[in-house]
Number of protein chains: 2
Amino acid sequence: MKIAILGGTGDIGEGLALRLASDTPHRIAIGSRDAEKAENKAEEYTTELDSRGLDAAVTGGENAAVAADARVVVLAVPPYHVGDTVEAIAGSLAAGDVLVSPATGMKRDEDGFHYHKPGAGSVTRIVAEAAPEGVAVVGAFHNLAAARLANLDADLGIDTLVIGDDDDAKTTVTDIAEGIDGLRALDAGGLANAPEIESLTPLLINVAQNNDGMHDLGVQFK
Amino acid sequence: MKIAILGGTGDIGEGLALRLASDTPHRIAIGSRDAEKAENKAEEYTTELDSRGLDAAVTGGENAAVAADARVVVLAVPPYHVGDTVEAIAGSLAAGDVLVSPATGMKRDEDGFHYHKPGAGSVTRIVAEAAPEGVAVVGAFHNLAAARLANLDADLGIDTLVIGDDDDAKTTVTDIAEGIDGLRALDAGGLANAPEIESLTPLLINVAQNNDGMHDLGVQFK
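If you're wondering where the values come from, they're calculated on a predicted model, not measured in any experiment. (Residues numbered from 1 in each chain as written. Chains lettered and ligands numbered in written order. Predicted model: local features only at pLDDT ≥ 70, side-chain atom pairs only at ≥ 80, totals over all residues. Heavy atoms only, no water.)

All right, on to the overall build of chain A then. When helices and strands are counted, chain A shows 8 helices and 11 strands. The globule rule puts the C-alpha radius of gyration for 222 residues at 17 Å, and the 16 Å found for chain A is close to it. Viewed in the frame of its principal axes, chain A has a C-alpha envelope of about 40 × 40 × 30 Å. Taking all 222 residues of chain A together, the buried fraction comes to 58%. Counting only contacts in chain A whose residues sit at least 6 apart along the sequence, the fraction spanning at least 24 positions is 71%. As displayed, chain A offers around 8700 Å² of accessible surface, 44% of which is attributable to carbon and sulfur atoms. (Helix = DSSP H or I, 4+ residues; strand = E, 2+ residues; numbered from the N terminus. Rg over C-alpha atoms; globule rule 2.2 N^0.38 Å. Buried < 20%, exposed > 50% of the residue type's maximum accessible area, 1.4 Å probe, protein only. Contact = heavy atoms within 4.5 Å. Areas by Shrake-Rupley, 256 points an atom, 1.4 Å probe, with all protein chains shown as cover.)

Put into structure tokens, the structure is as follows:
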């Protein structure tokens, strides 16, 4: 399966691209508004994978171009860009495609990080409202620390929560997520359950910042 | 140390009373608005502890009475009762006492459970606003499943998050929490970080309800 990771040049997108290319048979393309930037980063990821003996090429291109022939499109862009990004690639999406939303809104004050709940109810909901007819939206990968994901030497042993209102799309994303070594995908219900999942991301940062020796935290449900 | 658990006759209160009496050297008193109900439950808990060969008496009484000689008072009451409960026991609290808030507000719809954020910002904040001068407020025990806590045969192996603006009070509560076998207490910063912690409770329920074989979930940060 071809998976496009928009915003795949940085943050959580880099980690998802590397892990998916490393651990799964899927073909990974990363997207950016700047095609050259995406191509350069894709080359960098391919070199890193090659240095580990992994024969897994990551390709890169402009967002709409990489989305065009992907079945699953991950919106690894900042939360204030998700609506615009979906609109920009809408013409490249076909019925049956799946949009995956990992973003969360956060604000910071002197106490720490806090969930910045969008007016729509959640970032995942913004994606759902912008998605073209027939394109399912699934929330996943919200609570993964970018640096830990991007470091292929780091063990995961953590969970990711999957939400959505389309069972087939959820199954597709769950299977993709479970393909990453050490990542367990759990079903957290429908899209309406997004705010509590998005709220967990700032909490993970707060816990990491307040406890010696903890950093790039994930969570395991048990 | 004497610890009073108000609302200790049910839900999370029962589990905290049994675990603290079982695993720590603290003297545990449970409170209720109905003294007789608290006394009967205390006797029930003592019998259960005795049946396990544990010589740990739990006492019971009316909320204000058990709070009067306790250093730490846990408000294991429903979220819409925390403000009233603090007002009802205010005369029994002395400077240096610590109020512990484990409650969270939730509402339920067809998709699952959701965080019902109070106007004050969090349930923990309601407690802080109602607390008498000189009495510190600490948030803890928010994300523990009541039934699992109350079943002394169940292993924990999970974390609880501690928040507060008074470092001494936080240390006191952290030490108490760590006294429970299998429970790790992590520092999650100040009281302002309460909403994200309170939001985790409905998320745990949603995950448990959507995954076969998962129930009474807790969480481990790793």
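Turning next to the environment of Gln-209 of chain A. Residue and element names in this part refer to chain A. Take Gln-209: it is sitting in helix α8 (residues 194-210). Overall, Gln-209 belongs to the partly exposed group, its relative accessible area being 48%. It is 37 Å that separates the C-alpha atoms of Gln-209 and Lys-2, two residues lying 207 residues apart in sequence. Non-local contacts of Gln-209, meaning those with residues more than four positions away in its chain, are made with Arg-108 and Phe-113.

In this section: the relation of the copies chain B and chain A. Between the two copies, chain B and chain A, the superposition gives an RMSD of 0.0 Å; the rotation angle is 180° and the shift along the axis is 0.0 Å. Taken together, the turn and the small shift mark the pair as related by a two-fold rotation axis. Closest approach to the rotation axis within chain B is made by the C-alpha atom of Gln-220 of chain B, at a distance of 2.6 Å. The fraction of interface residues of chain B whose copies in chain A are also interface residues reaches 100%, indicating that both copies meet through the same surface. (Least-squares fit on C-alpha atoms with pLDDT ≥ 70 in both.)

Next up on the list: the confidence of the model for chain A. On average, residues of chain A carry a pLDDT of 97, and 100% of them reach 70 or more. Confidence estimates for the predicted assembly give a pTM of 0.96 and an ipTM of 0.96. (pLDDT = per-residue confidence, 0-100.)

All right, on to the interface of chain B and chain A then. Counting residues at the interface gives 36 residues for chain B and 36 residues for chain A. Both sides together, the interface formed by chain B and chain A hides about 2800 Å², and carbon and sulfur atoms give 57% of it. Summed over the three residues of chain B that lose the most area to chain A, namely Glu-196, Leu-203 and Lys-222 of chain B, the buried surface amounts to 25% of that side. For the pair chain B and chain A, the number of links is 0 salt bridges. Where chain B meets chain A, there are 13 residue pairs in polar contact (both at pLDDT 80 or more). Secondary structure elements with two or more residues in the side of chain B that touches chain A: β7 (112-115), β9 (158-164), β10 (183-187), α8 (194-210) and β11 (219-221) of chain B. Looking at the side of chain B that touches chain A, the element that brings in the most residues is α8 of chain B, giving 10 residues. Considered class by class, the residues forming the side of chain B that touches chain A number 18 nonpolar, 12 polar and 6 charged. Where strand β11 (residues 219-221) of chain A and β11 of chain B come together, 3 bridges link them in antiparallel fashion. (Buried area = accessible area lost by both parts, 1.4 Å probe. Salt bridge = Lys/Arg side-chain N within 4 Å of Asp/Glu carboxyl O. Polar contact = N/O pair within 3.5 Å; in protein donor to acceptor, adjacent residues only side chain to side chain. Nonpolar A, V, L, I, M, F, W, Y, C, P; charged D, E, K, R; others polar. Pairing = 2+ DSSP bridges.)

So, on to the sheet that holds strand β9 (residues 158-164) of chain A. All names here are of chain A. In space, the 8 strands of this open sheet follow the order β3-β2-β1-β4-β5-β8-β9-β10, with mixed pairing throughout. Only two strands of the sheet have a single partner each, and these edge strands are β3 (58-62) and β10 (183-187). Direction aside, the axes of adjacent strands within the sheet are offset by 25° on average. As defined by bridge partners, strand β1 (residues 2-6) adjoins strand β4 (residues 72-75) across 4 bridges and the pair is classed as parallel. Each bridged residue has a counterpart across the sheet, and for Ile-5 the counterpart in β4 is Val-74. (Axes fitted to C-alpha atoms, helices over the stretch in contact; angles between N-to-C directions.)

Let us now look at the packing of helix α1 (residues 11-23) of chain A against helix α2 (residues 35-51) of chain A. All names here are of chain A. Between α1 and α2, whose axes approach to 11 Å, the crossing angle comes to 45°. With respect to α2, the element α1 is oriented oblique. Viewed along their axes, α1 and α2 form a crossing whose handedness is right-handed. Contacts between α1 and α2 involve Glu-14, Ala-17, Leu-18, Ala-21 and Ser-22 on the former and, on the latter, Tyr-45, Glu-48 and Leu-49. A per-class count over the contact of α1 with α2 returns 5 nonpolar, 1 polar and 2 charged. (Parallel < 35°, antiparallel > 145°, perpendicular 65-115°, else oblique. Left-handed = near helix turned anticlockwise from the far one by under 90°.)

This next bit is on the sheet that holds β9 of chain B. Residues and elements named next belong to chain B. Pairing in this open sheet of 8 strands is mixed, and the strands run β3-β2-β1-β4-β5-β8-β9-β10 from one edge to the other. Of all strands in the sheet, those with a lone pairing partner are β3 (58-62) and β10, marking the two edges. Adjacent strand axes in the sheet meet at a mean angle of 25°, parallel and antiparallel pairs treated alike. Strand contacts of helix α2 (residues 35-51): β2 (27-32) and β3, with the helix running at about 175° to β3, the strand carrying the most contacts.

For the rest of this paragraph, the subject is a positive patch on the surface. Taken together, the side chains of Lys-107 and Lys-117 of chain A together with Lys-107 and Lys-117 of chain B define a basic patch exposed on the protein surface. Tracing the backbone shows Lys-117 of chain A in the loop between β7 (112-115) and α5 (123-130). (Patch = residues over 30% accessible without salt bridge, like charges linked within 9 Å, V, L, I, M, F, W, Y side chains within 5 Å. Lys, Arg positive; Asp, Glu negative; His and termini not counted. Charge placed at Lys NZ, Arg CZ, Asp CG, Glu CD.)

All names here are of chain A. Among the secondary structure elements, Asp-97 is positioned in the loop between α4 (82-89) and β5 (98-101). Of the side chains with opposite charge, Arg-71 lies nearest to the buried Asp-97, which makes no salt bridge, at 4.8 Å. A distance of 2.8 Å separates a polar side-chain atom of Asp-97 from the backbone nitrogen of Ala-94. In this structure Asp-97 touches Ala-70, Arg-71, Ser-92, Gly-134, Val-135 and Ala-136, once residues within four positions along its chain are discounted.

So, about a negative patch on the surface. Residue and element names in this part refer to chain A. Together, Asp-165, Asp-166, Asp-167 and Asp-168 give the surface a local cluster of negative charge. As for its position among the elements, Asp-166 is in the loop between β9 and α7 (167-178). Its relative accessible area of 32% is what places Asp-166 among the partly exposed residues.

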